[in-house]
Each structure stands twice: as structure tokens, then as C-alpha cells.
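Structural characterization, general
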Amino acid sequence: MKAIFLIIAICSTAAAFGQKLPAASFAELEKRQDSLRAMSYEIINGKTQEVRSTRNDAFIPALVKALKTPYSFYYPFDSLTTMAKVYPADSTFRIFTWPLENDNSTFRHFGVIQMNTKDGSLKLFPLFDNSDFTTNTDTITNHHGWYGCLYYAIIQRRYFNAEYYTLFGWDANNMRSQKKIAEMLTFKDSVPVFGGPYFSFVEDTVRKPTRNRFILEFKRDAAASLNWNPEANLIIYDHLISETGEETKKFTLVPDMDYEGFKWQAGKWVHVEKIFHDALEKGKVPVGVPFDKSKSNLKEPKTYDEIAEEEAAKQAEKEKGKKKKKN
């Protein structure tokens, strides 16, 4: 398989639950997870598109069958390391997502939203990736028109007695560029709604229209971050510039060590043009170090924190080396 990385292990740890999974259901799910693990491995590592697609076609109904096990919501599926899993703080649902690579290095994504039901029965919303057929990415849609990606983080906010779930996703896109995505998930009449007018630029020097979805597209082998930073209480992402001076060509965009973000304000994410100002030394990376995705190993995935720590250590060593040379 071509060298790619997945931000899957970031979200592999299940949330803590108050209710225990019945012993019979646990035993049943342990058995089913074994077969699911073998199929999911081939979805990612199969040598041909035919093999990957065949395994994926078998994996989907097998996963649904497993989820029909009573109280399956409380089973973490932690052995399925090729499938990303995110839970909101209130544990009212969880989302599974995974990619299928085509031979031309493009990707189609698959996923499901499993609701946490009181009686342990299955309530499921399958996610249908419509991104390849969507010319306008700034849309509001349901699970049938999902903008496919791999979700690696989720945060929950409450405003006027309504719950708002902000999702962070990654799309390998194609051979030239990749994407990081932030979008709002809400529920209307108990049905999921993706997107909405929640990303505002009202405080910018030059105002831009409010967006239904925020997409950061950049060079394929670059490392750009987009995630929630609890210490700063902000969404923080890399400011991008073009290597060639062609800002409209997304595949030329790379981070320039500056940062932008969004703050939660009156039920919207309001854009912050510059996060760190001059508080950092030139060239020093703040919390949320972008990691080198080209060095990620699919067979032995690492969490974001582990990779970030490694990158921070490497950066520190570089700084030490520069100081030694000066002395």
C-alpha cells in the first residue's frame, strides 16, 4: 500500500461510561471484534483496490450486526485501530469513521453515528460520503450528504439549552493536497445535521462571509494543525502561505509558524486573526505541535500527544544545536 498516514489512533480511547456492558453481550462482541479486526486491516493494507473494496463491503454489514448486540454502545472496539472513534462529553452518541483508498490515491470515507439508547437497542445513522459529488463545500446537510472525512476530535458546547458538537476531521484528499476540517454537528428532530452558520469572521479587519464549514486545505506532505486547545480555550490552526506565491493553489500552501483560531462566543465560533502575537520566540512552536505525518506508521499508530511530544523534543534538540553553534 502506498505510504499514507491515518489520524486514527488519536481517537481510539473510549469514553468512560457509568453503565457496564452485560457479560453475555461482552463475550459476543469480543468474538465479533476478532473478525472485524481482520477485515478492517485489509481495508487499509490490502494491496489492490479490489481487495480493499471487497473487505470494506463485508466489514459494513458485519459492524452493523455487531452493533445490534444489546448495549453495544458500551463496548469500545479498541482493537479496531484502523477505525477512528470519537465521543462527546455527554456520551449521547459516538461516531466511527474510516477511509478506503482508491488506486489513484484519492479516498472515500465511511462512517456511522451510534446513539446511546436507554434500553440498549441499536439506533444508527449511516454516513454516506458525498464529498466527491459536492461542488459547494459550504453546505448544510444530513447523514445522507455527509462531507466525508476521518474525525479525530470532538468538543461540546451548550448555548440557549441546545447542544453543539464541533467535529475535527482529516481528509487525505489526493496526491497533491490534504484537508483539515472543522464543522458543527447538531440534531434536529433527533436527526443529525452537519454544518451551519457557526464560523464567523465578524471581528476580522476585512470581514468575510460566515461559513457553514471551515476547511483548511494545504500541501500533501506539509504538517498543519487544526484542533481545540483547552489551555488557550480556543480552536487553533496554522496560518498558511503559498511556497510559490500562488495563494489560490491550495497544494502550494504550507504553515509559516503563525497561528489563527476561533473563540466560542454567543453560539458561534468567531475568528481570531492572530493568536500568539509576539509572545513566542521566533521559530518556537506553541502547544499543539504539528506532527510529521509522513513518519506515521499505520501498523503501529501513535496518539496525537505521543507524536506531538516527539516533535517537541526534536524541536528542542534543534534549538540546543543552534545555541551550541553560536557559542
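In what follows, the accompanying structure is described. Computed from a predicted model, the values in this text were never measured in an experiment. (Residues numbered from 1 in each chain as written. Predicted model: local features only at pLDDT ≥ 70, side-chain atom pairs only at ≥ 80, totals over all residues. Heavy atoms only, no water.)

Glancing now at the sheet that holds strand β12 (residues 234-242). Hydrogen bonds between backbone groups are what pair the strands of a sheet, and the pairing can be parallel or antiparallel. Spatially, five strands are ordered β9-β14-β13-β12-β11 in an open sheet, and the strand pairing comes out mixed. Of all the strands in the sheet, the pair left with one neighbour each is β9 (199-200) and β11 (226-229). Across two bridges, the pairing between β9 and strand β14 (residues 268-272) is parallel. Residue pairing in the sheet places S200 in a bridge with V270 of β14. (Pairing = 2+ DSSP bridges. Helix = DSSP H or I, 4+ residues; strand = E, 2+ residues; numbered from the N terminus.)

This paragraph deals with the pairing of strand β3 (residues 107-115). Most of β3 sits out of view: eight of its nine residues are buried. Strand direction decides the pairing type here: strand β2 (residues 93-101) and β3, joined by nine bridges, are antiparallel. Across the sheet, the residue bridging to I95 is I113, located in β3. Linking two consecutive strands that pair antiparallel, namely β2 and β3, is a turn of five residues; a positive phi of about 70° is found at S105 within it. (Buried < 20%, exposed > 50% of the residue type's maximum accessible area, 1.4 Å probe, protein only.)

Another point: helix α2 (residues 49-67). In this model α2 runs 27 Å from its N-terminal to its C-terminal C-alpha over 19 residues, within 8% of the 27 Å that 1.5 Å per residue would give. Those residues of α2 not exposed but buried are R52, N56, F59, L63, A66 and L67. Each element contacted by the buried residues of α2 is listed here: α1 (23-45), β2, β3 and β4 (124-128). (Expected span 1.5 Å × (residues − 1). Contact = heavy atoms within 4.5 Å.)

As a further point, take the layout of surface pockets. A volume near 530 Å³ is recorded for the second largest pocket. As for the second largest pocket, its lining consists of 22 residues, of which R211, F214, I215, L216 and K250 are closest to the centre. Breaking the lining of the second largest pocket down by element, the ones donating at least two residues are β10 (213-219), β12 and β13 (253-265). Counting residues per element, the lining of the second largest pocket draws most heavily on β10, at five residues. When its residues are assigned to classes, the lining of the second largest pocket shows eight nonpolar, three polar and 11 charged. (1 Å grid on protein atoms, 1.4 Å probe; cavity = no way out; pocket = protein on both sides within 12 Å on 5 of 7 lines; lining within 4 Å. Points joined across faces, edges and corners; volume = space filled by probe spheres on them. Nonpolar A, V, L, I, M, F, W, Y, C, P; charged D, E, K, R; others polar.)

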